[in-house]
Amino acid sequence: MIYRKKIIAGNWKMNKTQAEARVLVEDLLREIGKFDDVEIVLCPPFTALSAVSELLSSVSNVRLGAQNLHEAPSGAFTGEISAGMLRDLYVRYVIIGHSERRQYFHEDNATVNRKTKAALQAELRPIVCVGETLPEREADKWKDILETQLRDGLAGFGDKELADIILAYEPVWAIGTGRTASPAQAEEAHQWIRKVLGTHFSPAAAERIRIQYGGSVKPENAKELLSKPDIDGALVGGASLDARGFTAIIKNACLD
Ligand code: PGA
């Protein structure tokens with residue numbers, strides 16, 4: 001069986017000033033400096049990237065991520081941030097197509113595709129989010145929804161591009177609700193995602209890609225989720241704002 005290094009990312013969303021970000025990162029680094037067998041990514045808001053980047057400059061096992069980007073390299077796009085600007089701050093990862101972007105900022109699968117392309121061109125590693133809403137889950141349409149999100153979101157890419165992409169399965173009904181998908185439900189969705197990818201890419205590429213689970217991941221449920229064979233990490237929102245909680249989640253991803 002192929003080895004996929006677990007990847008735990010903290011999505012801070014619209015939280016933390018620069019000063020607050022520094023405190024959180026300093027607290028975290030005291031704890032997580034030791035974990036080498038897990039990839040750790042911190043995704044602060046744009047305004048705290050620079051401060052966090054500085055603190056991570058001498059740290060090898062924690063990488064910097066952004067929560068969004070604009071697809072154009074530069075130009076008249078008031079309020080937007082390009083991939084090149086992120087690179088300039090030593091950002092390595094970027095979350096794309098988070099359900100909050102889809103819901104509140106009308107991003108669709110075509111937007112996700114364009115942004116993913118822009119990220120890859122700038123040598124940023126996209127964390128592409130997919131996931132169904134509660135009505136879609138209840139109507140048993142989740143497989144179709146995931147298939148469409150993957151087909152359209154990753155359109156035009158081949159194995160080479162897929163190798164630099166990380167996927168995050170985030171059922172919308174589990175985000176910030178305290179209602180986590182059961183480990184069995186999450187594993188079933190991850191297996192489905194891998195199966196769909198196997199029809200668009202080579203089976204080996206589908207086997208290699210890392211798929212994070214996201215949606216109310218907490219220290220209490222992380223171990224069971226992360227022990228599932230197709231769950232290769234977590235995209236953590238609320239619980240990543242607390243150094244102790246986030247550390248506990250990372251510990252659960254470490255090899256025994
Ligand atoms: P949550 O958010 O952990 O607060 O549910 C996850 C996410 O939105 O990435």
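Provided above is the structure to which this section pertains.
For every chain, the first residue of the written sequence is number 1, and numbering continues from 1 onward in sequence order. It should be noted that, the model being predicted, local features are given only for residues of pLDDT at least 70 and side-chain atom pairs only at 80 or more, the latter also being counted only at that level, while totals for whole chains, interfaces and linings use all residues. For the side-chain quantities, the full set of heavy atoms in the structure was used; hydrogens and water were omitted.

**Topic: the nonpolar core**
Among buried residues, those of type Ala, Val, Leu, Ile, Met, Phe, Trp, Tyr and Cys that are joined through side-chain atoms within 4.5 Å constitute a nonpolar core. Categorising residues by exposure relies on relative accessible area from a 1.4 Å probe, with only protein chains included: less than 20% of the type maximum marks a residue as buried, more than 50% marks it as exposed, and the intermediate range marks it as partly exposed. Within the largest apolar cluster, 69 residues are counted, with the highest numbers of intra-cluster contacts made by Ile8, Leu42, Ile193, Leu197 and Tyr213. Apart from the residues lying within four places of it in its own chain, the contact partners of Leu197 are Leu150, Leu154, Leu167, Ala206 and Ile209. Counting eleven residues, the second-largest nonpolar core is a separate cluster that includes Val41, Cys43, Ile95 and Ala168. By the convention used here, residues are in contact when the closest approach between their heavy atoms is within 4.5 Å.

**A word on the site of the ligand**
Nearness is defined per residue: one heavy atom within 4 Å of the molecule or strand is enough. The environment of the ligand is made up of 13 residues, and the closest members are Lys13, His98, Glu170, Gly176 and Ser216. For the purposes of these results, a polar contact is taken to be a pair of N or O atoms within 3.5 Å, where, inside protein, one atom must be able to donate a hydrogen and its partner to accept one; residues adjacent in sequence count only when each atom of the pair is a side-chain atom. At 2.7 Å, a side-chain N or O of Lys13 approaches an oxygen atom of the ligand. Measuring from an oxygen atom of the ligand, one finds a backbone N or O atom of Gly176 at 2.7 Å. Relative to its free-state accessible area of 280 Å², the ligand is covered by the protein chains to the extent of 95%. Under this grouping Gly is polar, as are all residues other than the nonpolar Ala, Val, Leu, Ile, Met, Phe, Trp, Tyr, Cys and Pro and the charged Asp, Glu, Lys and Arg. Along the lines of polarity and charge, the residues of the shell around the ligand split into four nonpolar, seven polar and two charged. In short, Shrake-Rupley with a 1.4 Å probe defines the accessible areas, and a residue's cover is counted only from the protein chains shown.

**A short note on the sheet that holds strand S6 (residues 166-169)**
Two strands pair under a simple rule: DSSP has to find at least two bridges between them. Every helix listed is a DSSP run of H or I at least four residues long, and every strand listed is a run of E at least two residues long, numbered separately from the N terminus. With parallel pairing, eight strands are arranged side by side around a closed barrel as S1-S2-S3-S4-S5-S6-S7-S8. Between one strand axis and the next, the sheet turns through 25 degrees on average, direction left out of account. As judged from the four bridges shared by strand S4 (residues 93-96) and strand S5 (residues 125-130), these two strands associate in the parallel manner. The partner of Val94 across the bridge, within S5, is Pro126. Axes, fitted as lines to C-alpha atoms, cover a helix only where it is in contact. Angles between the N-to-C directions of the axes lie from 0 to 180 degrees.

Nothing here speaks to function; it is all geometry.
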